[in-house]
Amino acid sequence: MTYEFAIFDFDGTLADTAEWFMAASNVAAARFGFRQLSVEEFKGLRAMGSREIIAHLGVPMWKLPRIATFMRQEMAGRADAIRLFPGVPEMLAELKSAGIGIAVVSSNGEAAIRKALGETAAAIDVFECGATLFGKAQHFKKVVKFAGIDPSRMLAIGDEARDIEAARTARIAAGAVGWGYADPTFLKTLGPDRFFDRMDEIMPAFRAGKG
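All figures in this text were calculated on a predicted structure; none of them were measured in a lab.

Description of the sheet that holds strand 7 (residues 173–177)
Step number 1: What the 6 strands build is an open sheet, ordered 5-4-1-6-7-8; its pairing is parallel. With partners counted over all chains shown, the strands left at the sheet margins are strand 5 (126–129) and strand 8 (194–196), one partner each. Each adjacent strand pair in this sheet contributes to an overall mean axis angle of 20 degrees, direction not counted.
Step number 2: In terms of strand pairing, strand 1 (residues 5–8) meets strand 4 (residues 101–106) through 4 bridges, oriented parallel. Within strand 4, the residue paired with Phe8 across the bridge is Val104.
Step number 3: Helix 5 (residues 88–97) rests against strand 1 and strand 4 of the sheet, and its axis sits at about 155 degrees to strand 1.

What about the pairing of strand 5?
Step number 1: Here strand 5 shows two buried faces, one formed by Val126 and Glu128 and the other by Phe127 and Cys129.
Step number 2: By the bridge criterion, 4 bridges tie strand 4 to strand 5 in an arrangement that is parallel. Paired with Ala103 across the two strands is Val126, which belongs to strand 5.
Step number 3: Regarding the hand of the β-α-β motif, the stretch spanning strand 4, helix 6 (residues 110–117) and strand 5 is right-handed.

Overview of the packing of aromatic side chains
Step number 1: On inspection of all chains with the given rule, the structure shows 5 aromatic pairs.
Step number 2: Ring centres of Phe85 and Trp179 lie 6.4 Å apart, and the angle between their planes is 65 degrees; on these two criteria the pair is classed as edge-to-face. Taken together, the residues Phe85 in the loop between strand 3 (83–84) and helix 5 and Trp179 in the loop between strand 7 and helix 9 (184–189) connect sequence positions 94 residues apart.
Step number 3: An aromatic cluster of at least three residues, connected via ring pairs, comprises Trp20, Phe21 and Tyr181.

Focus: the pattern of salt bridges
Step number 1: On inspection of all chains with the given rule, the structure shows 13 salt bridges.
Step number 2: In this structure, the salt-bridge partner of Asp200 is Arg198, at a minimum N-O distance of 3.0 Å.
Step number 3: Using a relative accessible area of 47% as the deciding quantity, one classes Arg198 as partly exposed.
Step number 4: A cluster of three or more residues bridged by salt bridges with shared partners is formed by Asp9, Lys136 and Asp163.

Focus on the side chain of Thr120
Step number 1: Structurally, Thr120 is set in the loop between helix 6 and strand 5.
Step number 2: The residues contacting Thr120, other than those within four sequence positions of it, are Leu84, Pro89 and Leu92.

Parameters and conventions
Residues numbered from 1 in each chain as written. Predicted model: local features only at pLDDT ≥ 70, side-chain atom pairs only at ≥ 80, totals over all residues. Heavy atoms only, no water. Pairing = 2+ DSSP bridges. Helix = DSSP H or I, 4+ residues; strand = E, 2+ residues; numbered from the N terminus. Axes fitted to C-alpha atoms, helices over the stretch in contact; angles between N-to-C directions. Contact = heavy atoms within 4.5 Å. Buried < 20%, exposed > 50% of the residue type's maximum accessible area, 1.4 Å probe, protein only. Right-handed = clockwise from strand over helix to strand, strands pointing away. Phe/Tyr/Trp six-rings, centres within 6.5 Å; stacked < 30°, edge-to-face > 60°. Salt bridge = Lys/Arg side-chain N within 4 Å of Asp/Glu carboxyl O.

Pasting the structure below:
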């Protein structure tokens, strides 16, 4: 299968936000009354799905919207300090030059993501941001409508189990990366359609469809 449109998660896929996320999560934990974790404990979450993580942290579901809003605000204040993974600007530029459509679907806010991307933001055709923890599928469907092509010709690339689940709900092919939050071995057990160990493996997944 070849693909004509790329949908990217932001945190852990395009941007190296693990350190920021751990710090912000512990600030949120103190504020909203759930478990604070050490670096080692955070590492232990990498082989869990989102629902398991929520249960492990002891976060009531009704608090999730407030926590998400808080995390977006924290991100907005730190966007200047967020760094993209090496090779991201080049990879996005190659996709754009090849005529591949590009979207970013994220739980974070669009303004903060654009700020973190800098000039690279010009490569993105559509931003669908502010997704709830389990609400990415709805945003994927909006991107499908925007693209106007069969969902099977689109590849959603993320770094967590919920990204794969959302892609399947939206009937989009699911791609996963090995450099993000979730443990690569764990992600592979979920059977994504494509798995990328390196950034330079992404472009060839699309190039064949445009050759």
